[in-house]
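Here is what each chain is made of, one letter per residue.
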Amino acid sequence: MHGRVKVKSTAQQEEEKRKEREKKLKIYVAARDACFSKRKEGIFDDEALQISQQLLSSNPDFATLWNYRREILMHLETVKEEDEVQKIYVAELSFLESCLKVNPKSYGSWHHRWWVSTRLPKPDWARELNLCDRCLSLDDRNFHCWDYRRMVVKMSGVPVDQELDFTDRLIGSNFSNYSSWHYRSTLLPLLHPESPEPTSPCHKPPQSSTPPSPQILSHRVCEEQLLKEYELVQNAFFTDPNDQSAWFYYRWLLGRAEREEMISCVYVCRDEERVAVAFSGPVNAQACGLLLVLDGLPQRVEWRSVHPRFKHSPVWICDFPPGTISDIPNEHNLTVHWTEKPTHRDCALYTGRSESWCRDSATDQELFRSELSVEKTSVLQSELQSCNQLQELEPLNKWCLLTIILLMRALDPLGYEKETLAHFQTLKEVDSMRSAYYSDLCSKFMIENTILKMEYAEVRVFSISDKNLTTLCHLDQLLLVTHINLSSNQLQRLPPQFAMLQCLEVLEAENNSIENLEGVYHLPKLEEVILKNNKISSLSDLQPLASCPKLKRLDLRGNPVTQTADVESKLAELLPSVTDLLL
């Protein structure tokens, strides 16, 4: 046995490691306490800088220490010359590189680096870009580095086209680089914005020392560049059909730009002496400077959202003082001014008319479908054919199926409705974990199609029965609807947004799974509600109906609530206006 090295047992090794950890912990805690003590006493010296550096070298995610370190550096700025400050901050950048080697995704390290770079008397932005390139070459999905790079680009004035070339290089080396695709989507509207005139050719903006601001350019990309992007992304998803990065970018290309903020509809009712205003998106009318002018005179009115749950809503209403517009023989002219934008909308209430409105339809606003040029239509048709070919090769590829649906909707949502429904059914089968998402998305598309059909027919009846709807959306587009049929679907509730249907007189929603009527709230014209065969179980679920003053007919057959003791007398007390009750 002599002369042989003694092999330590596992227990011995663990004990030694434990003691080593305890030793390191004591040193760390002592240094930490020393730092906290110095900060409490207001000491901002070189020793404090050194101690915090030791601690952060081993744990770069200690936010309090970064804060103390910034306090020390700001103090040193006041007592050092500019050249010395430059040297201190350059050394700080070197220290930060060592921290990033410990944890390349450290929030504290990247934030502190940005802070240091902005305070450097003579920042070296080229060095920072080089650091970003090195970090992204090691991990092209380091979101912290991407955020830092965008800030460096903004400060250093790197031309937008140069950054677009950078995304080309990264995408070329890795089609799965989601961050590069996303970055590309932020650059294209700056470099290739859609011209205000539809006939204007795509043009490249002049180069300047600073990149264009996204606030002053269109968020749409000109058609010429879009067609090039279709080709680029098609190469990506044909290379790897199961990688989601390119498919998400393709969905962005097929999407529509954000809607312009505007007043989309003004509705006035003589009987209720009420005005309803619909906007292109949710706003706070109480804070956005909404002014109502009647016959040339500003009115003192109180705007309120259609439901108390909404501080921001697409639809707002107000009431005139009694007798203001109730006189049938007289004509009235209204103007709603949105002074914050500024924009306005006029509406005339003619003699003998009980109501009037002025609106932009969903078709006018291109909400669900944009008008396509001949060239773009041809390209999208070609894209659809390519995706169909890919789908034949990859019949279970969910990304391909979903993209086919989006292409069909971009080309002709009504013409491809049958095929769209079939593809949604396939999607639910191949990706059953997300079947609820596909059901909701299908519901959204079916509602959009029904709105378009209703507008083409120029009627105020919205009928979408037996479509397997699981959710309701775009309810702000139904402000003028008088009759809605939601029967034989899979709806579980009528959400608060349902209160936007201010003209609704008849609600048919039988054969669903509705448990909640929260959205049937203060609908001033509602007279008839058919809720046969739903899941309303208590009288409290019917409470919102008490806010509808003209409700006369209510059908609750086939609901659990009908089994409640003395239900008829209790309903008579809850809903005294109802004269025709079916239980």
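Under an unreviewed UniProt entry, the name given to the chain is Geranylgeranyl transferase type-2 subunit alpha, and the organism recorded is Notothenia coriiceps. Annotation of the chain in UniProt includes, under Sequence similarities (unreviewed entry), the sentence "Belongs to the protein prenyltransferase subunit alpha family." The chain has a UniProt comment under Catalytic activity (unreviewed entry) that states "geranylgeranyl diphosphate + L-cysteinyl-[protein] = S-geranylgeranyl-L-cysteinyl-[protein] + diphosphate".

Trainee: Is there a simple way to think about the sheet that holds strand 1 (residues 263–269) in this case?
Mentor: The strands making up a sheet associate through backbone hydrogen bonding, with each pair oriented either parallel or antiparallel. In space, the five strands of this open sheet follow the order 5-6-2-1-9, with antiparallel pairing throughout. Across the chains shown, the open sheet's two edge strands, defined by having one partner strand only, are strand 5 (304–305) and strand 9 (355–359).

Trainee: Looking at this structure, how should I read the pairing of strand 3 (residues 290–294)?
Mentor: Successive residues of a regular strand alternate their side chains across the two faces of the sheet. Across the five residues of strand 3, four count as buried, placing the element largely inside the fold. When strand 3 meets strand 4 (residues 297–298), the two strands line up antiparallel, connected through two bridges. Bridge pairing links Val293 to Pro298 in strand 4. Here strand 3 hands over to strand 4 after two residues, with Asp295 in that stretch at a positive phi of 50 degrees.

Trainee: What should I look at first to understand the pattern of salt bridges in this one?
Mentor: Close approach of charged atoms allows side chains of opposite charge to pair. Considering all chains together, one arrives at 37 salt bridges under this definition. With a closest N to O distance of 3.3 Å, Asp139 and Lys105 form a salt bridge. Residue Asp139 is located in the loop between helix 6 (125–138) and helix 7 (143–156), and its partner Lys105 is located in the loop between helix 4 (82–102) and helix 5 (107–119); the two are separated by 34 residues in the primary sequence. Relative accessible area serves as the criterion here: at 27%, Asp139 is assigned to the partly exposed category. Here Arg274 makes a salt bridge to Asp319, at a shortest N to O gap of 2.9 Å. Here Arg274 is found in strand 2 (residues 274–283), whereas its partner Asp319 is found in strand 6 (residues 313–319), with 45 residues between them in sequence. Among the residues examined, Asp319 registers a relative accessible area of 29% and is labelled partly exposed.

Trainee: What's the story with the packing of aromatic side chains in this structure? I'm lost.
Mentor: Any pair of aromatic rings gets described here by the distance separating the centres and the angle formed by the planes. Taken as a whole and judged by the stated rule, the model has 20 aromatic pairs. A ring pair is formed by Trp114 and Tyr148, whose centres lie 6.3 Å apart and whose planes are at 85 degrees; its orientation type is edge-to-face. Of the two residues, Trp114 is situated in helix 5 and Tyr148 in helix 7; the sequence distance between them amounts to 34 residues. Each member of the pair, Trp114 together with Tyr148, is buried. Ring plane angle 65 degrees and centroid distance 5.6 Å describe the contact between Trp146 and Tyr183, whose orientation is recorded as edge-to-face. Note that Trp146 is positioned in helix 7 and Tyr183 in helix 9 (residues 178–191), a separation of 37 residues in sequence. Of the two residues examined, Trp146 and Tyr183, each falls in the buried class. One residue, Arg149, lies across the ring of Phe166, its end atom 3.6 Å from the ring centre.

Trainee: It is not clear to me how helix 13 (residues 398–411) should be interpreted in this structure. Could you clarify?
Mentor: An α-helical segment advances 3.6 residues per turn. Residues three or four places apart therefore align on the same side. The terminal C-alpha atoms of helix 13, which comprises 14 residues, lie 20 Å apart, in line with the 20 Å expected from a rise of 1.5 Å per residue. In terms of burial, helix 13 is a largely internal element, 14 of the 14 residues being buried.

Trainee: How do you make sense of the UniProt feature "domain: Rab geranylgeranyltransferase alpha subunit insert-domain" (unreviewed entry) in the chain when you look at a structure like this?
Mentor: The UniProt entry lists residues 263–362 under the feature "domain: Rab geranylgeranyltransferase alpha subunit insert-domain" (unreviewed entry), expressed in the numbering used here. With 0% helix and 52% strand, residues 263–362 has end C-alpha atoms that lie 13 Å from one another.

Trainee: Just to check I follow, could you spell out the packing of helix 7 against helix 9 for this structure?
Mentor: A pair of packed helices is characterised by two quantities: the angle between their axes and the separation of those axes. Between helix 7 and helix 9, the least distance of the axes is 11 Å, while the angle of their chain directions is 30 degrees. The angle between the axes of helix 7 and helix 9 places the two elements in the roughly parallel class. Relative to helix 9, helix 7 is oriented so that their crossing is right-handed. The segment helix 7 lies against helix 9, with Phe143, Trp146, Arg150 and Val153 engaging Ser179, Ser180, His182 and Tyr183.

Trainee: Any chance you could explain the domain arrangement of the chain here in plain terms?
Mentor: How big an interface is tends to be reported as the loss of accessible area on association of its parts. According to the domain assignment, the chain consists of domain 1 (11–192), domain 2 (223–257 + 367–440), domain 3 (263–353) and domain 4 (460–581). Taking the mean C-alpha position of each, domain 2 and domain 3 sit 41 Å from one another.

Trainee: Could you clarify how one ought to interpret the sheet that holds strand 8 (residues 343–349) in this entry?
Mentor: The strand order across the open sheet formed by four strands is 4-3-7-8, and the pairing between neighbours is antiparallel. The open sheet terminates on both sides in strands that have one partner only, identified here as strand 4 and strand 8. Two strands pair when backbone bridges link them, and strand 3 and strand 7 (residues 332–338) are joined in this way by five bridges, in the antiparallel orientation. Bridged to Leu290 within strand 7 is Trp338.

Here is what the cut-offs are and how they apply
Residues numbered from 1 in each chain as written. Predicted model: local features only at pLDDT ≥ 70, side-chain atom pairs only at ≥ 80, totals over all residues. Heavy atoms only, no water. UniProt positions renumbered as here; feature names shortened; annotations may be inferred. Pairing = 2+ DSSP bridges. Helix = DSSP H or I, 4+ residues; strand = E, 2+ residues; numbered from the N terminus. Buried < 20%, exposed > 50% of the residue type's maximum accessible area, 1.4 Å probe, protein only. Salt bridge = Lys/Arg side-chain N within 4 Å of Asp/Glu carboxyl O. Phe/Tyr/Trp six-rings, centres within 6.5 Å; stacked < 30°, edge-to-face > 60°. Lys NZ or Arg CZ within 6 Å of the ring centre and 35° of its normal. Expected span 1.5 Å × (residues − 1). Axes fitted to C-alpha atoms, helices over the stretch in contact; angles between N-to-C directions. Parallel < 35°, antiparallel > 145°, perpendicular 65-115°, else oblique. Left-handed = near helix turned anticlockwise from the far one by under 90°. Contact = heavy atoms within 4.5 Å. Domains from an automatic or database assignment.

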